[in-house]
Structure formats: C-alpha cells, structure tokens
Amino acid sequence: MSAPAGESGTRREADRVTGRGVEPARAAAYDVADERVPDVVALLDRAAGRFGDRRAVTDHAGSWTWHELDRASRRVAGALLALGVAPGDRVLAVLPPGREFVAVLFGALRAGAAVVPANGSASPFELDWVLTDAEPSVLVSDRAELTAPAERVGARIVTPAALLDWRAAGSSAVSAESTALLLYTSGSTGRPKGIVCPHRAVAFAAGAISRRLAYRSDDVVWTRLPFSFDYGLYQIFLCALAGAELVLPQGTASSRELVALRAARATVVPVVPTFAAMLARLAARDPRPLSVRLFTNTGAALVGQDVGRLRGAFPDAAVVCMYGMSECKRITVADPDEDLAHPATVGRALPGTRLWVVDPHGTPVPPGETGEIVAAGPHVMAGYWRAGDQTARRFRPAPDGDGPAVFTGDHGCLDADGRLYFAGRADDLFKRRGWRMGTQELELAMLDIPGVRAAAAVPPAPDGTLTVWAVTDLPPERVLRGLTERLGAARTPDRCVVVADLPRTAHGKIDRAALPAPEEARR
C-alpha cells in the first residue's frame, strides 16, 4: 500500500500497455452505439429488466434492487400525478443522497416533470433564488422550515415518505426533447443559472461516459458527492447502464472511511481533491487492501501531489481524469492512468463529441496552442432557463457550422493525438473543493449577512487560498461564519479582510486590482 508514487505509476502504466497484471475492463452492460437509450426513464426500465434482482442503491437504512427501485419510482409518479403535476412542471428535490432521492428522481421523470436537484442541506438563502426562478409545482423535502418559502411561490411541499406510501402506480409519456433536469450552477451574474437538460442529451451523455468508463455489473460505486452536483447525479445513470450498485453513505467522511469502504466492498470511487487527499492520509495509517479498482476525478482537477499520493496509497487502483461542464455534462475522459504517460491530460473527446480549441475570433488553433475550449455534440444542453442573453453567449454555432456548441470560457490546448490539457478559466468562475463557484455569488451571500455593507471577492490565489473583503463592523470570523451558514463549509473562503471601504474605478465599479493584499487578512 505504501509504494512510492513514481514506482507505482511506472509499473501500472507498463501493465496497462502490455496487458500484464491488470484485468481488462469489461464492456458496459450494453453498447449504446448499438442500442440508443431514448430518455432517462428508459435507463431504469432497462436496468430493471436486465438486472432486476441485483442491488441498485444502498444507503444507511438498507438496499433496493432494481425491481424495487422501479416499483418505488412508479409509486412516486402516481402520487405526483395525483397532486396535479403535469408534463413540463418542475419538481424541486431538497433531499440528502439516498434511496428516497433516487426514487423521487425517476418518479418525477415518469410523471413527465423536470427534476431540480438541490443539496439536502441547502440554506433558505441558497434556495430562495431557485424557488423564485424555477417556480416548482412541488417541493419534496423533510424540512418543515421550507414550507413557507415553498408556499411563497405556490409550490406544494411533500415528504418523500408520503410519495412512497402512495400505492397506485402512474406514468406519463416522456419525449426525448422534454426537459429531464434543471441544474442550477453558479454564474458570472451572481445568481445561479438553471441549465435546461433534455432527456435526449442526458441519456446520450450518460451512455457516452459509460462506454468510456466501462462500469461493470459487479461494481459497487461509493459516492459522497451531492446530487445537486452533476458528477454525483450521473453516478445514478452510470450504475443503471451497467447494473452496478450505488452506495450512498450517510453524513460526512470520517476517520473510519476506509473501514466503511471495505465493508461495502467498493470497487469504484468518484473523488474530488479534498476527498482523495483524505483517503490517502487514512491509508497511510491503515494499509489493509481494499477492493477499489478505479478512482474517477472531475470538477476540481486531481493533479500533482494529490494524484501522486492517491496512487501511492492505492497502487492497485487506476485513476481516470475527466473534464466537462454542466452545459454539456462531459467533454473528455482519459484512459485509466493515461496521465502517467501524458502528464496533466484530461483525455480525449467522448464518443460523438466534437472538440476544438479556438482563438478570440472563434477560429480553431493548431495543436499545442492555447485557446478557449469548445465542444459540440448530442450532449449539448438546451441553454439556460429564462436567460436568453446568457444562453446566446455560451451556446453559439459550432466552428464547423454543424449545430450549437458550448463555448466553455475555459482555456486549454490539444495535442496532435486529440488529448486535451486544461489551462484555466477565463472569467470569475472557478472550482473549489469540487464546487463550481463565482465571485459575485460570494459577494451576494456576504451582502445577505446583517451588518455587511459592501463586499468583494476574487478567484483563489495560485496556492488555492480564497479571500474575500467586507466593509463591516463585524469581525472577520463572523463574516466567514455567516458565509458558512449560507453556502456551506465547502464553499466558505479561507480568509476575510475587513476594510473601511472598497477601492473603486472612475466608473464606480470595484477595483479588484487595488484590494488590500491577502497577507493582511485575519481569520
């Protein structure tokens, strides 16, 4: 378990190339190139038909087979239809990861609704804009304090238990072009934007990722990712495609994480850097082997010492690096351990994906040159909910003239073999601890704290430190605590600088270049 990262990596790359010591990856449950999945509901229908008595999803309270999950989703659909949910309505799910969420997800889709996933612990501040913008007809949650916010927008609040207690199955016709998901993601406007995800695009993306990752029917996928994060949400779809078991542990990771992984016999673990670093630290104290064969990574990149320590701690597991954004789900997926031979690559384009790196005029640049990353294909989503101007800026004609493309705003370069290398973001969006964030999102949250009169934020420093500035009489600790209450610990900045005023340009805008140096910050 403690082999040096360099030795481990060299050996594993040689094994991958020569075929020694590494079991060849089995094919996914079925080849989506030959058998296209028309909509997201079909993922569950076919999983129930192919893997009915195998475990589908396990949480702290028990397990469901694919047959049991299928029946639960039909009860949820029947209950939602009885509540008056009509095709095209939105159902907001404010639930922790667990069997109930998965049943509500597929049940709402069966009813013809679009699902709006939200973090189960999201604060009323975070949910306020989503409720206002999405206008759900139903809010599913166990949290009684959300009753008043739901009623404000005319939504009925119902518990997942009440939906699952319904005994009459139900369903509505689902079109491949209808909206399956409304995924809210932070944006440069400071307000989360709802990405409109049609069934056809979600099903295609899930199938393309499945072909590249090749989850197996005997895999046990352990995830602590929230379902409001599409990296976590798509684990449901990938498990349905492969017939794998999805395990959703309760609470947050602890010092007993490896014990729990062994007990579950987990074989696949999606990670973000903070979780990967924690697993590596735990493995240094507990070197007993695990069943894990694959770590996947997207969101915040797993590079440098982080990925080296993970490989050193788990030399028998491969690492797959990926790149994408919610506007088209996934763009590239590397081969297992491909970054050992090609450091920092995030892989080649998914099957069916067209990928370019372009200059400021939208013209593709040669391999090796850095520019904006642009992707096109059937997985390109349908734009932003009720945000035409922002949709027009992000979703533009593809460089080859064949349909729409996502202009990511991210920078990178391609090599001669089509491998992508991510360079960085071109605006004030950034990823932190797996979360996509925006500076204006932080500023709006600070301004919601009583006593904060003005606020400023910039992307993290090169060392990863995230600093904010506040005009307030409150101590810095109180501002940070207020941000934790509104955004959660993972998105809370490291430091806050309290200032008498914010520097401004001649046009009255905050002059971020003139903000006091982060060294002046106090915790």
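Structure first, text after, so check above.
Everything numeric in this text was worked out from a predicted model, so none of it was measured.

Cut-offs and rules
- Residues numbered from 1 in each chain as written.
- Predicted model: local features only at pLDDT ≥ 70, side-chain atom pairs only at ≥ 80, totals over all residues.
- Heavy atoms only, no water.
- Buried < 20%, exposed > 50% of the residue type's maximum accessible area, 1.4 Å probe, protein only.
- Helix = DSSP H or I, 4+ residues; strand = E, 2+ residues; numbered from the N terminus.
- Pairing = 2+ DSSP bridges.
- Salt bridge = Lys/Arg side-chain N within 4 Å of Asp/Glu carboxyl O.
- Axes fitted to C-alpha atoms, helices over the stretch in contact; angles between N-to-C directions.
- Parallel < 35°, antiparallel > 145°, perpendicular 65-115°, else oblique.
- Left-handed = near helix turned anticlockwise from the far one by under 90°.
- Contact = heavy atoms within 4.5 Å.
- Polar contact = N/O pair within 3.5 Å; in protein donor to acceptor, adjacent residues only side chain to side chain.

A. Highlighting the pairing of strand E19 (residues 404–414). Counting buried positions along E19 yields 9 of 11 residues, so the element is predominantly enclosed. Taken together, the 5 bridges between strand E17 (residues 371–376) and E19 define a ladder with antiparallel strand orientation. Looking at the pairing, Ala375 lines up with Val406 of E19. Note that strand E18 (residues 395–397) and E19 share 3 bridges and pair antiparallel. Bridging across to E19, Phe395 finds its partner in Val406. Where E18 folds back on E19, the antiparallel hairpin that results is connected by 6 residues, among which Gly401 adopts a positive phi of roughly 80°.

B. Structural detail: the pattern of salt bridges. According to the stated counting rule, one finds 31 salt bridges in the structure shown. Among the salt bridges present, the one from Arg55 reaches Glu245, with a minimum N-O distance of 3.8 Å. Of this pair, Arg55 sits in strand E1 (residues 55–59) while Glu245 sits in strand E10 (residues 245–247), placing them 190 residues apart in sequence. Classification of Glu245 by relative accessible area gives buried; the value is 12%. Residue Arg433 is joined to Asp494 by a salt bridge in which the shortest nitrogen-to-oxygen separation is 3.7 Å. Of this pair, Arg433 sits in the loop between strand E21 (429–432) and strand E22 (435–438) while Asp494 sits in the loop between helix H16 (476–487) and strand E25 (495–499), placing them 61 residues apart in sequence. The buried category is assigned to Asp494, whose relative accessible area is 16%. Through salt bridges with shared partners, a single ionic network connects Asp335, Glu338, Arg348, Asp415, Asp417 and Arg419.

C. A look at the packing of helix H2 (residues 40–51) against helix H9 (residues 230–242). Put simply, H2 and H9 touch, their axes get as near as 8 Å, and they point 40° apart. Viewed along their axes, H2 and H9 adopt a mutual orientation that is oblique. In the crossing of H2 with H9, the sense of the turn from one axis to the other is left-handed. Where H2 abuts H9, its residues Val40, Leu43, Ala47 and Phe51 lie against Phe237, Ala240, Leu241 and Ala242.

D. Here's a closer look at the pairing of E17. Most of E17 is tucked away, with 6 of its 6 residues classed as buried. Two elements, strand E16 (residues 354–358) and E17, share 5 bridges in a ladder whose sense is antiparallel. Each bridged residue has a counterpart across the sheet, and for Arg354 the counterpart in E17 is Ala376.

E. Quick look at the sheet that holds strand E23 (residues 452–457). Taking strand neighbours across the sheet as the criterion, the 3 strands line up as E23-E24-E25 in an open arrangement whose pairing is mixed. A single partner strand is all that each edge strand has here, and the edge strands are E23 and E25. Averaged over neighbouring strand pairs, the angle between their axes works out to 25° when direction is ignored. Note that E23 and strand E24 (residues 467–472) share 5 bridges and pair antiparallel. From the neighbouring strand, Ala454 faces E24, where its bridge partner is Val471. Sheet strands touched by H16: E23, E24 and E25. Its angle to E25, the strand with the most contacts, is close to 125°.

F. The arrangement of the side chain of Glu327 in detail. Summarising the element assignment, Glu327 is placed in the loop between strand E13 (318–323) and strand E14 (332–333). At a separation of 2.6 Å, a polar atom in the side chain of Glu327 contacts the side chain of Tyr384. Setting aside residues no more than four positions away along its own chain, Glu327 makes contact with Thr185, Ile195, His379, Val380, Met381, Tyr384, Arg394, Phe395, Val406 and Arg436.

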